[in-house]
Amino acid sequence: MSAPATDARPEIAPPSREQARMAIRLLRAREIGIVFVLVVLVGVTALNNPRFLSPQSVRDLLLNAVILVTLAVGQTLLIVTRNVDLSVGSIVGLVAFGTGKLLLAAPGTPVVVALLVGVAAGAACGAVNGSLVAAARVPALVVTLGTLYVFRGLDYSWASGQQINAADMPRAFLRFGTASVLGVPVLALIALVLVLVVGFYLRSYRSGRELYAIGSDPDAARLSGIPVGRRVFAAFVANGALAGLAGVLYAARFGTLDATVGAGLELTVIAAAVVGGVAIFGGSGTVFGAAVGALLLQTITSSLVVLRINAFWQQAVVGALILAAIGLDRLLVARLDRRLRGRTIRDA
Amino acid sequence: MREPVSGTTPLLELRDVSKSFGAVRALRGVELALHAGEVHALVGENGAGKSTVVKILSGALRADSGGVWLDGEPLVLDGPAAARAAGIAVIYQEPTLFPDLSVAENIFMGRQPLAGLRRIDTDAMHAQVNDLFARLGHRIDPDRPARGLSIADQQMVEIAKALSFDARVLIMDEPTAALSGVEVDRLFAVARSLRNAGAAVLFISHRFDEVFDLCERVTVLRDGQYVSTDRVADVNVDDLVRRMVGRDVSSLYPKGDSDTGDVVLRVEGLTRQGVFADVGFVVRSGEIVALAGLVGAGRSEVVRAVFGVDRYDAGTVHVDGTRLPPARPRAAMDAGLALVPEDRRQQGLVMAMSVARNTTLTRRWALSRFGLMNRSAERRAAKEATERFKVKAGDLDDPVSTLSGGNQQKVVLAKWLSTRPRVLIVDEPTRGIDVGTKADVHQLLSDLAADGLAVLMVSSELPEVLGMADRVLVMHEGRLVADIPADRASEESVMFAATAQEAGS
């Protein structure tokens, strides 16, 4: 007893481009908002202490943010597919320590080789996560919570209480960690290139768009012939490789390594992505947003030190930011829904 | 039974296809031959296996035995990608869009036009989408996200997607349910133009006028089995209905006479702002009262308020003369009310729990001692109930999600009837249930009424309303507009009441 099929509905007018643009602007607002917060924070801190903007201080800030940005880029690949990797902190620790061991054993190893070995080791860890998630169909949260402990455990048993000191590391490798091109740290350039390349890939390549499709509606993705398992697996491998890269960069930046390197980093990374507008339920968000989120979290850390505010507040501020970001996200989605739906009703 | 058409090989063919889900045999020896340049209808009752056929053709499911032939060659459909590669496009009953992605991306996902470096050429993609919508005569901004599109617009996106394939085989699984007349005409124009271009079209619909309007040939399925294939010109609606139902339609509604007794449920002046207003009726013991009306008339909302799931602003509900406190389902249950909700998957069952647990969920206190469940008592009670209701379950410990829709509904009924209610409220008791089980459920309701239970049944299926009810209450836009006794209830009188205030539209 459904309504008769013939109740002619007035023709739906062609939707106005203006309103669609509006909707898209609203979506972009997530990233613009976070950039705005970053600018305000830098401004306030610099007003209090002008040295915050000195070249050396900016250099340090960028260098410190490199690890987080690299990891946030990788994590974004996963979160848009409605997955997550909690083991990245452990991968960073394992690879960083492994890099130290490698360089102690063979001090002549070229930086490029060290980088490749680290990336490969990280990718292998990512492949473990990815195959458990994609083939065994265990939720990513559970799998990577497990491998968080497994990888960290491997790290501990390998290090067995040993610490590698910067003084023992080859000079060439440590120089790579602090080198600059035209005043910009090489490490920061690497992170920038990563953001640009992965951002371009996610926006402009079929397989990149498929990652969003998978996160937006996994069942629909399967029905439209997207190889969901393969894509998710590849995202885990790529994220692992980036975590491995971050591990080598960590070793180059700090030189002093033990088994606790990178502990707890995973939560900061996820926080950075979420604050940067990557929807935790998948389907939307960009690596630019995530990278800016990482930069923001790092800047908060630095500016609280400069402003001589108790470190306790740093955690509280990060927490408040996450809640604000998620709240804003829900608000924007609800707004967008209303706007898009409202249009259909008005036109109908 | 397969009828060769002037010696040509069918473009796409299903041969002797069978498929089971657990103990439920969804398809048994199904035959279907689609020819180039023809629109072929597939009809059957809910649960006859039409959607399973679609899923096999789309690669979402694999047949247990039998197979698919394309151009006379066996075709391996091991996934949706394989079906696409073979030129099979599907428009599903429920649109399957990505809400976060743009309309254009939804249409071209995985097939986006490429520019240099294999990157996506957004401009070309948008131009192609605009062309597609121009062909459909229905413009949607390609750049807007799919989130928030009306169901009809979503369906148009699906149609544009199918069109963009240049599909050799187009499968439409009840695509017209959400479309208005103009949109249906456009869809049919598209289907005809594809047919004229040499594609084979499979059209699934409950609307016979559409079948006769659009199709050349029609195949009937019943209870997962192939019944017949005919030229549309050689059959009429009565033939098709008889084959779909496979039995005398009246036996589907085994309403026995029962003596109606005292008033058990009395509802007076029930009002919820903006949803329903001043609803009043009585249900006597031994009586089946149907609550009919168009979708959205407020029927489910009324019964939810009566049971106390939703609050109401004014009015009273009495059971056996005792007034029920509003918004207290617990009190309603204690007074002898039971509600079998419309959406059994979300509201009626705990899908991951076992059949036994679900059956005894409402009696967990009676079956426990010192707060601990007595497991053997639970199993005994569950066994008794499932046997009484003829639930087809492999094992009582299997999760209830493995049962077919009809058997799930029986579990829900068993669960509520085990509380020995005085009034049973059922919301759409047979939605999405196969014909055989439907008759079981109807028999059950009829028996219960004969035993003196008062039954209030919300139903959108007119034959069910007319076949089962002693009295028909009709709602329109939140108000009760008619109370028709069975002997005066007819399709016309109920429909007229349900739409009366729209007369002239």
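Just above sits the structure.
Our subject in this report is the structure included herewith.

Conventions used here
Residues numbered from 1 in each chain as written. Chains lettered and ligands numbered in written order. Predicted model: local features only at pLDDT ≥ 70, side-chain atom pairs only at ≥ 80, totals over all residues. Helix = DSSP H or I, 4+ residues; strand = E, 2+ residues; numbered from the N terminus. Buried ≥ 20, exposed ≤ 12 C-beta atoms within 10 Å, placed from the backbone. Contact = placed C-beta atoms within 7 Å. Pairing = 2+ DSSP bridges. Axes fitted to C-alpha atoms, helices over the stretch in contact; angles between N-to-C directions.

Structural notes on the overall build of chain A
From N to C terminus, chain A includes 13 helices and two strands. Every one of the 348 residues in chain A was classed for burial, and the buried ones make up 47%. Nonlocal contacts in chain A, meaning residues at least 24 apart in sequence, comprise 81% of its contacts between residues at least 6 apart.

A look at unusual backbone geometry
All names here are of chain B. Phi is positive for Asp-278, close to 50 degrees, though the residue is something other than glycine. Assignment of secondary structure puts Asp-278 in strand 12 (residues 276-284). In this structure, Asp-320 takes a positive phi of about 55 degrees despite not being glycine. Summarising the element assignment, Asp-320 is placed in the loop between strand 14 (314-319) and strand 15 (322-323). Among the residues examined, Asp-320 registers 14 C-beta atoms within 10 Å and is labelled partly exposed.

As for the pairing of strand 21 (residues 471-476) of chain B
Residue and element names in this part refer to chain B. Buried residues dominate strand 21, accounting for five of its six residues. Strand direction decides the pairing type here: strand 13 (residues 288-293) and strand 21, joined by five bridges, are parallel. By the bridge assignment for strand 21, Leu-291 is matched with Leu-473. Sheet topology places strand 21 next to strand 22 (residues 479-485); six bridges connect them, and they run antiparallel. Directly across from Arg-471, in strand 22, lies its bridge partner Pro-485.

Some details on the sheet that holds strand 20 (residues 454-458) of chain B
Residue and element names in this part refer to chain B. On the basis of which strands lie adjacent, the open sheet formed by six strands has the order 16-19-20-13-21-22 and mixed pairing. Bordering the open sheet on either side are strand 16 (337-340) and strand 22, each of which pairs with just one other strand. Across the sheet, the axes of successive neighbouring strands diverge by a mean angle of 20 degrees, strand direction being ignored. In this sheet, strand 19 (residues 423-427) lies alongside strand 16 in parallel orientation, the contact comprising four bridges. Pairing of Leu-339 across the sheet is with Ile-425, part of strand 19.

Examining the sheet that holds strand 14 of chain B
Residues and elements named next belong to chain B. A sheet is described by the order of its strands in space; here four strands give the open sequence 12-11-14-15, paired in antiparallel fashion. On the outer flanks of this sheet lie strand 12 and strand 15, each paired with one strand and no other. Pairing analysis gives two bridges linking strand 14 to strand 15, with the strands arranged antiparallel. Looking at strand 15, one finds that His-318 is bridged to Arg-323. Contacting strand 11 (263-272), strand 12 and strand 14, helix 9 (residues 299-307) runs over the sheet at an angle of about 115 degrees to strand 11.

The analysis is restricted to geometry; functional conclusions fall outside its scope.
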